[in-house]
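Observations on chain architecture
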There are 2 protein chains.
Amino acid sequence: MSERRATITDVAREAGVSPSTASVVFSGNAPASAETRRRVLAAAEALGYTGPDPRAASLRRGRSGIVGVVFGGSLRAAFHDPVTIAMMDGIAEGVAPLRAALLLLPDETSSAAPASAADDDSSVTDVTAEVPSTMTSAPIDAAVLVGFGQTRQPSLDVLRARRVPVVIIEGDAGPDIPRIELDNSAAQHRAASYLRELGHERVTLLTLPIRPGRARGWFGHADAVEVDVTAARLAGARAVYPDAPAYAAVTSSIDEGLISGREILAGPDRPTAVIAQTDLLAAGVIRAAEECGLRVPEDLSVTGFDGVEVDGLDAYELTTLVQPAVEKGRAAGAAVVAMLAGEDAASVTFTCSFRTGTTAGAVPPA
Amino acid sequence: MSERRATITDVAREAGVSPSTASVVFSGNAPASAETRRRVLAAAEALGYTGPDPRAASLRRGRSGIVGVVFGGSLRAAFHDPVTIAMMDGIAEGVAPLRAALLLLPDETSSAAPASAADDDSSVTDVTAEVPSTMTSAPIDAAVLVGFGQTRQPSLDVLRARRVPVVIIEGDAGPDIPRIELDNSAAQHRAASYLRELGHERVTLLTLPIRPGRARGWFGHADAVEVDVTAARLAGARAVYPDAPAYAAVTSSIDEGLISGREILAGPDRPTAVIAQTDLLAAGVIRAAEECGLRVPEDLSVTGFDGVEVDGLDAYELTTLVQPAVEKGRAAGAAVVAMLAGEDAASVTFTCSFRTGTTAGAVPPA
DNA sequence: TTGTAAGCGTTATCAT
DNA sequence: ATGATAACGCTTACAA
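Because the structure is predicted, anything quoted here is derived from the model rather than measured. Per chain, residue numbering runs from 1 following the sequence as it is written. The lettering of chains begins at A and the numbering of ligands begins at 1, in the order of writing. For a predicted model such as this one, the threshold for reporting local features is a pLDDT of at least 70, and the threshold for listing and counting side-chain atom pairs is 80 or more; totals across whole chains, interfaces and linings nevertheless cover every residue. Heavy atoms throughout the structure, all of them, feed into the side-chain values; hydrogens and water do not.

**Quick notes on the interface of chain B and chain A**
Note the threshold: Contacts are assigned to residue pairs that have any heavy atoms within 4.5 Å of one another. Buried surface area refers to the total accessible area, computed with a probe of radius 1.4 Å, that the two partners give up upon joining, counted for both partners together. A pair is scored as a salt bridge if a Lys or Arg side-chain nitrogen falls within 4 Å of a carboxyl oxygen belonging to Asp or Glu.
Taken together, the contacts link 58 residues of chain B with 57 residues of chain A. Here chain B packs against chain A, burying approximately 4900 Å² in sum over the two surfaces, 59% of which is carbon and sulfur. When residues of chain B are sorted by the area they lose upon contact with chain A, Arg55(B), Arg76(B) and Asp311(B) head the list and together hold 14% of the total. Scanning the region where chain B abuts chain A turns up six salt bridges.

What follows is the structure, encoded as structure tokens:
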């Protein structure tokens, strides 16, 4: 009932041409006469042939037309972040010349399964043990690493061993890997300076997590800040306000900002300004301020970071640092295209622009 | 400088075994002695061989280990919707037995590019013309269609022609395609009944778009509702409130709900309850109510739909219909697994559960 | 412009 | 438990 699927050879035979000619008609990689094209296409239609099998084509070509996007966490977490989504958009655009599609590769550490009995027998290290199987067996031409901490080294090792070209966004993967970066520190410095010019002295910093897994709360100069982005933005703020109290959130969301904001605003020495490390956190702080009956920016100034559209913040325009998220993705995509073309891709650092919104103003009179 | 990449044949030779034996060591598809395994692995390490080339393996196996996820729009739009993200999570879980990765296939209609001169010459229809090239050339084993309107028929045709197993979430793709559905109408009916029991008479419906591209605004019984989800939920509400005024949003977001909410609450005959078709819209309506100085639920009752966590709605627990979004995805994944195993997958309809939150209460005294 | 030929690297089958 | 062999379906030199 279901006969063997037609191949390009069948189509060629039916059309009375050679397989290579038929191939050329489908790929367009060489000229073919209109008449030949017509015959081949007609034969294809007659046989229900829908075009070259991508699996066979990719073996022969050595390219699959797929670019992997590796996240340092769950899909859910990644897509909760508007910046990540914008970057994905950019990556898709950037790799467009390749006509490539994006393969989602979440890189969650699988709990290290105890290996088989023969373990101490073998001196051979199974480097793939702590790496999702898709990472080793997905037919990707290149990979973009997103939001990568030091933690994900094993996956990176696998990719390098496979000689898959890799570019990393916001992270350090060693000297050979092109990086797409942001001027986090300088940018945050600008926002802090702005507040200082407005006269703010009592400023609190609301940061991203300083360490994976650490609980929400205050931290001091003694606490190590292990997350790069957090550290960079923190440094920029600290350059202006060296001794500002700092409070670390556990994630970037409005609700998290609200919870953190409540605590920050509850203290005896209430700040006149809060520098939040993301727009979502800033939005939450604004909510917290509203709860306390504080007006923004009259009683409290709030700055964010990212420049994303925060859904539900309609009434305000956030004073924030707008990062070119889509362009970061686009640059990563372009880097991939370059590497695949045999050129070597340079690292890029993007610059945030400071946007004066409506959420930061003069320091309130004492 | 860069010599040819080692193949499994090289590894086999180095290890003194046959290629098929080496293959077995890597795939685990047949038993191999510990000693053989050790030798092969050692040879692989020595040669820098990182495992079978996925492209070759997928040609031979006839499987790529990739499941496509097709969105009826841009990635950006898709990932803006928390329900979609939850579903993606579920799909990933559902296809886990396949050890497959997910390929993103946005299905935006490319502006029909005028074809070459020889056009009227040819009677052969190029069915792929209005379909993204990735759809025709991506090595996917199966596809999950998400949020699909009638619009995307061409892509579906391509997939069927390629004989790629397809399952569709919230949409109708014809009798042969397994569907993952929700009891939208019945569920919405429950929420409406609840409001009626609370005594509400003046109720306004805030719906999803009734037609792609239509502007925000009021609509009546005469207006055709072309979007399935919108129609189903609307019908459920209309069964209880046949003549309730209805207002269509243009998307599902808090800000959109806020804008719509303002207009809904501004009228002369202000409703005592709003039935919103999504949680995000409901959240926006609540914001709008707050703006007018209306208390929820004392002055205005609001119900949502979806049961997602709305970031920034901390103070309320939405009265809503909780849909099993993750399970929908999981079911789609399971259907894919079944179809790939040669079984045929049944359609599934999931049931929403009504959650009594804090946003709907008794009708305020006149 | 079209045809011929030679793989691309792997794995399933069937012996042994 | 291991080995020999034959595809999997296509594309690209190269020749005509």
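Back to the text.
**Notes on the relation of the copies chain B and chain A**
Note the following rule: Here the copies are superposed with least squares, the fitted atoms being C-alpha atoms of residues at a pLDDT of at least 70 in both.
Mapping chain B onto chain A leaves a residual RMSD of 0.1 Å; the transformation is a rotation of 180° accompanied by 0.0 Å of translation along its axis. Taken together, the turn and the small shift mark the pair as related by a two-fold rotation axis. Considering only C-alpha atoms, the residue of chain B closest to the rotation axis is Leu103(B), which sits at 2.2 Å. Mapped onto chain A, 98% of the interface residues of chain B again fall at the interface, so both copies present the same surface.

**Quick look at the sheet that holds strand E10 (residues 301-303) of chain A**
All names here are of chain A. Test applied: The rule for pairing is simple: two strands pair if DSSP sees at least two bridges between them. We count a stretch as a helix when DSSP gives it H or I for four or more residues in a row; a strand needs E for two or more, and each element gets its number in order from the N terminus. For helices, the axis comes from a line fit to the C-alpha atoms of the stretch in contact; other axes are also lines fit to C-alpha atoms, and the angle between any two N-to-C directions lies between 0 and 180 degrees.
Spatially, five strands are ordered E7-E8-E6-E9-E10 in an open sheet, and the strand pairing comes out mixed. Every other strand in the sheet has two partners, leaving strand E7 (217-219) and E10 as the edge strands with one partner each. Here the strands of the sheet are splayed against their neighbours by 25° on average, with no regard to which way each runs. Where strand E6 (residues 203-207) lies against strand E9 (residues 273-276), four bridges are found, and the strand directions are parallel. The residue bridging Thr-204 from the neighbouring strand is Val-274, located in E9. Along the sheet, helix H10 (residues 228-238) makes contact with E6, E7, strand E8 (246-248) and E9, crossing E6 at roughly 170°. Running over the sheet, helix H11 (residues 254-266) touches E6, E7, E8 and E9 and is turned about 150° from E6.

**Concerning the pairing of strand E5 (residues 179-182) of chain A**
Residue and element names in this part refer to chain A. With two bridges connecting them, strand E4 (residues 166-169) and E5 associate as parallel partners. The residue bridging Ile-169 from the neighbouring strand is Ile-180, located in E5. Of the pairings in the sheet, the one linking E5 to strand E12 (residues 348-350) comprises three bridges and is parallel in character. Its bridge partner lying in E12, Glu-181 is registered against Thr-349.

**Some remarks on the protein's contact with DNA strand C**
What counts is decided by this rule: Nearness is defined per residue: one heavy atom within 4 Å of the molecule or strand is enough. Here a polar contact is taken to be a pair of N or O atoms separated by no more than 3.5 Å, where protein atoms must pair a possible hydrogen donor with a possible acceptor and residues adjacent in sequence count only if both atoms sit in side chains. Each residue is assigned to one class: nonpolar for Ala, Val, Leu, Ile, Met, Phe, Trp, Tyr, Cys and Pro, charged for Asp, Glu, Lys and Arg, and polar for all the others, Gly among them.
Neighbouring DNA strand C are 24 residues, the closest being Thr36(A), Ile8(B), Ser23(B), Tyr49(B) and Arg60(B). Between DNA strand C and the protein, one listed contact pairs a base nitrogen with a side-chain N or O atom of Arg60(A) at 3.1 Å. Between DNA strand C and Asp53(B), the relevant distance is 3.0 Å, taken from a phosphate oxygen to a main-chain nitrogen or oxygen of the residue. Here the element with the most residues in the surface near DNA strand C is helix H4 (residues 54-61) of chain B; it accounts for four residues. Class assignment of the residues belonging to the surface near DNA strand C gives a composition of nine nonpolar, 11 polar and four charged.

**Concerning the protein's contact with DNA strand D**
By nearness alone, 23 residues border DNA strand D, and Ile8(A), Tyr49(A), Arg60(A), Pro31(B) and Thr36(B) come closest of all. Restricting the count to atoms of DNA strand D within 4 Å of the protein gives a sugar and phosphate share of 66%. Backbone polar atom of Ile8(A) to a phosphate oxygen of DNA strand D: 2.5 Å apart, as the coordinates give it. In the model, a base nitrogen of DNA strand D is placed 3.2 Å from a nitrogen or oxygen of the Arg60(B) side chain. Looking at the surface near DNA strand D, the elements with two or more residues in it are helix H2 (19-27) and helix H4 (54-61) of chain A together with helix H2 (19-27) and H4 of chain B. Split by residue class, the surface near DNA strand D holds nine nonpolar, 10 polar and four charged.

**Here we look at the environment of Arg262(B)**
In this fold, Arg262(B) is placed in helix H11 (residues 254-266). If we skip the residues at most four places from it in the chain, Arg262(B) touches Asp314(A), Ala288(B) and Glu291(B). Among the polar contacts made by the side chain of Arg262(B), one reaches the side chain of Asp314(A) at a distance of 2.9 Å.

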